[in-house]
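Fold and contact review
In case you want the letters, here they are:
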Amino acid sequence: DIQMTQSPASLSASLGETVTIECRASEDIYNGLAWYQQKPGKSPQLLIYNANSLHTGVPSRFSGSGSGTQYSLKINSLQSEDVASYFCQQYYDYPDTFGAGTKLELK
Amino acid sequence: QVTLKESGPGMLQPSKTLSLTCSFSGFSLSTSGMVVSWIRQPSGKSLEWLAAIDWDGDKYYNPSLKSRLTVSKDTSNTQVFLKITSVDTADTATYYCARRRVGITPFDYWGQGVMVTVSS
């Protein structure tokens, strides 16, 4: 299985700040990567797919980048509603695998 | 509008068989290219993909759990089922079903999840 190493495990940031979350795959996943946001008690919601494509209805302050084995999610101008956990997922190879998650809190 | 909703027993004893149902609307599993997957998440932990079934009835399992999993769908193509045999406390988790399109694609719609506790 492809291992997804996500960092940091937790992150504290101020409103309006820019935050970046990283994910490293154990082998090339050819941009087969998604980012999900999960709020407490809720199911994950798709934010970014194919490494850098914004899912329908997702605010433009979210963006994804990367290639090969290294990917990142950036949130510009952090809003209070962005407090959540974020997970990366590789879907290039079977079986799908997820990162361990990043818990984002307000400072 | 695509919606999915999971249902299950809530709690069951070790060694029993867990049966879960995913009921969905807004799409049909008879439509070419549609896939419904099961994913689980222990409390406070990450996500684990378990199994999937596609519009053609082809089934896919996580190799680490394959011997214990059975995925199926109903003839109306609006429900998908998952059975996990010989459960133990490590199977305690929230179980989600999610939709994707065939190919190298993400999960675009998720159910709300159903919490399952395995305890004696």
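Residues numbered from 1 in each chain as written. Chains lettered and ligands numbered in written order. Predicted model: local features only at pLDDT ≥ 70, side-chain atom pairs only at ≥ 80, totals over all residues. Heavy atoms only, no water.

Here's the deal with the environment of S7 of chain B
Residue and element names in this part refer to chain B.
- Counting through the fold element by element, S7 comes out in strand β1 (residues 3-7).
- By relative accessible area, S7 is classed as partly exposed at 37%.
- Once residues lying within four places of it in the same chain are set aside, the contact partners of S7 are S19, L20, T21 and V114. (Helix = DSSP H or I, 4+ residues; strand = E, 2+ residues; numbered from the N terminus. Buried < 20%, exposed > 50% of the residue type's maximum accessible area, 1.4 Å probe, protein only. Contact = heavy atoms within 4.5 Å.)

Thoughts on the layout of surface pockets
- Approximately 520 Å³ is the volume attributed to the largest pocket.
- Considering the residues around the largest pocket, the lining is formed by 26 residues, among which Q38, P40 and S85 of chain A together with Q41 and G44 of chain B are closest to the centre.
- Listing elements by their share of the lining of the largest pocket, those giving two or more residues are β9 (84-90) and β11 (102-106) of chain A together with β9 (93-101) of chain B.
- Looking at the lining of the largest pocket element by element, the count peaks at four residues for β11 of chain A. (1 Å grid on protein atoms, 1.4 Å probe; cavity = no way out; pocket = protein on both sides within 12 Å on 5 of 7 lines; lining within 4 Å. Points joined across faces, edges and corners; volume = space filled by probe spheres on them.)

Quick word on the pattern of salt bridges
Residues and elements named next belong to chain B.
- In total, this model carries seven salt bridges over all chains according to the counting rule given.
- R40 is paired through a salt bridge with E48; the nearest N and O atoms lie 2.8 Å apart.
- With a relative accessible area of 26%, E48 lands in the partly exposed category.
- A salt bridge links D108 to R99; the nearest nitrogen and oxygen atoms lie 2.7 Å apart.
- Residue R99 is classed as buried on the basis of its relative accessible area of 3%. (Salt bridge = Lys/Arg side-chain N within 4 Å of Asp/Glu carboxyl O.)

Side note on the pairing of strand β3 (residues 18-25) of chain B
- Pairing between β1 of chain B and β3 of chain B: five bridges, direction antiparallel. Bridge pairing in β3 of chain B places E6 of chain B opposite C22 of chain B. (Pairing = 2+ DSSP bridges.)

What about the interface of chain B and chain A?
- Across the boundary between the two partners, chain B contributes 21 residues, which contact 21 residues of chain A.
- Taking both sides of the interface into account, the surface hidden between chain B and chain A amounts to around 1,600 Å²; carbon and sulfur atoms contribute 63%.
- A salt bridge links R100 of chain B to D96 of chain A; its shortest N-O distance comes to 2.8 Å.
- The set of elements that each furnish at least two residues to the side of chain B that touches chain A consists of β4 (34-41), β5 (48-54), β6 (59-61) and β9 of chain B.
- Tallied by class, residues from the side of chain B that touches chain A come to 11 nonpolar, six polar and four charged. (Buried area = accessible area lost by both parts, 1.4 Å probe. Nonpolar A, V, L, I, M, F, W, Y, C, P; charged D, E, K, R; others polar.)

Thoughts on the state of the cysteines
- Here the structure, examined in full by the defined rule, presents two disulfides over all chains.
- Shown here is the disulfide that connects C23 of chain A with C88 of chain A, its sulfur atoms set 1.7 Å apart. In this pair, C23 of chain A sits in strand β3 (residues 19-25) while C88 of chain A sits in strand β9, placing the two residues 65 residues apart along the sequence.
- Judged by relative accessible area, C23 of chain A falls into the buried class, the value being 1%.
- Each sulfur of the disulfide joining C22 of chain B and C97 of chain B lies 2.1 Å from the other. Its torsion about the S-S bond being 75 degrees, the disulfide of C22 of chain B and C97 of chain B is classed as right-handed. Of the two residues, C22 of chain B is situated in strand β3 and C97 of chain B in strand β9; the sequence distance between them amounts to 75 residues. Accessibility assignment for this pair places C22 of chain B and C97 of chain B in one class, buried. (Disulfide = S-S within 2.5 Å.)

Comments concerning the side chain of Q6 of chain A
All names here are of chain A.
- Secondary-structure assignment places Q6 in strand β1 (residues 4-7).
- Residue classification places Q6 among the buried positions, given a relative accessible area of 9%.
- Within the local environment of Q6, its side chain forms a polar contact with the backbone nitrogen of C88, the two atoms lying 3.3 Å apart.
- At 3.1 Å, the side chain of Q6 and the side chain of T102 are in polar contact.
- In this structure Q6 touches I21, E22, C23, W35, Y86, F87, C88, G99, A100, G101 and T102, once residues within four positions along its chain are discounted. (Polar contact = N/O pair within 3.5 Å; in protein donor to acceptor, adjacent residues only side chain to side chain.)

Side note on the packing of aromatic side chains
- The tally for this structure, following the rule as stated, stands at eight aromatic pairs over all chains.
- The interplanar angle of 45 degrees and the centroid separation of 5.0 Å between the aromatic rings of Y30 of chain A and Y92 of chain A together place this pair among those described as tilted. With Y30 of chain A in the loop between β3 and β4 (33-38) and Y92 of chain A in the loop between β9 and β10 (97-98), this residue pair connects regions lying 62 residues apart in the sequence.
- Both rings, one in Y94 of chain A and one in W49 of chain B, keep their centres 5.7 Å apart while their planes meet at 75 degrees; by these two values the pair is edge-to-face. Residue Y94 of chain A is found in the loop between β9 and β10, and its partner W49 of chain B is found in strand β5; the two belong to separate chains.
- Judged by its relative accessible area of 44%, Y94 of chain A falls in the partly exposed class.
- Take W49 of chain B: its relative accessible area is 3%, and that puts it in the buried class.
- An aromatic cluster is present here, built from Y36 and F98 of chain A together with Y96, F107 and W110 of chain B joined pairwise through their rings.
- R99 of chain B extends its terminal NZ or CZ atom over the ring of F27 of chain B, reaching a point 5.2 Å from the ring centre.
- The ring of F107 of chain B has R100 of chain B lying over it, and the distance from NZ or CZ to the ring centre is 4.3 Å. (Phe/Tyr/Trp six-rings, centres within 6.5 Å; stacked < 30°, edge-to-face > 60°. Lys NZ or Arg CZ within 6 Å of the ring centre and 35° of its normal.)

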